Amino acid sequence: MQYVSTRGGMEPRSFVDVLLEGLAPDGGLVVPQEYPVLTSAEWENMRALSYPDLAFNLLRMFADDIPADELRRIVDRTYTNEAFGTDDITPVV
């Protein structure tokens, strides 16, 4: 996936290249050049996923230049009971 500026003054760049930059060099927002399109069935299948699994599936669409195994490790280290105080991560009460 490639990312561009909302102001048009930036050549398309990868996720890793824009991750820590904040605004685009021309002052615009950095956004995906194209957004993934999911079918209703794909969205429905995600309903049963745990929060970390859902995060991984969505993030890999946008951060496709990070190897899947590394992205999985990042997600698994991020969405933890220790960080969120529950295994549910985002419990609805």
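Just above sits the structure.
Residues numbered from 1 in each chain as written. Predicted model: local features only at pLDDT ≥ 70, side-chain atom pairs only at ≥ 80, totals over all residues. Heavy atoms only, no water.

**Re the side chain of S14**
In this structure, S14 sits in the loop between β1 (3-5) and α1 (15-18). A polar contact of 3.1 Å, which involves the side chain of S14, links it to the side chain of D17. At a separation of 3.0 Å, a polar atom in the side chain of S14 contacts the side chain of D65. (Helix = DSSP H or I, 4+ residues; strand = E, 2+ residues; numbered from the N terminus. Polar contact = N/O pair within 3.5 Å; in protein donor to acceptor, adjacent residues only side chain to side chain.)

**Section: unusual backbone geometry**
A positive phi angle, close to 65°, is found at I89, a residue other than glycine. Within the secondary structure, I89 sits in the segment after α5 (81-84).

**Examining the environment of E42**
Mapped onto the elements of the fold, E42 is located in helix α2 (residues 40-46). Sequence separation of E42 and G8 is 34 residues, and the distance between their C-alpha atoms is 32 Å.

**Let's talk about the packing of aromatic side chains**
The tally for this structure, following the rule as stated, stands at three aromatic pairs. Here the aromatic rings of Y3 and F15 are separated by 6.0 Å at their centres, their planes lie at 55°, and the arrangement is tilted. With Y3 in strand β1 and F15 in helix α1, this residue pair connects regions lying 12 residues apart in the sequence. Exposure remark for Y3: the relative accessible area of 6% places this residue in the buried category. Judged by centre distance (5.8 Å) and plane angle (25°), the ring pair of Y79 and F84 falls under stacked. For Y79, a relative accessible area of 22% corresponds to the partly exposed category. Overall, the relative accessible area of 38% leaves F84 in the partly exposed class. An aromatic cluster of three or more residues is present, and its members are Y51, Y79 and F84. (Phe/Tyr/Trp six-rings, centres within 6.5 Å; stacked < 30°, edge-to-face > 60°. Buried < 20%, exposed > 50% of the residue type's maximum accessible area, 1.4 Å probe, protein only.)

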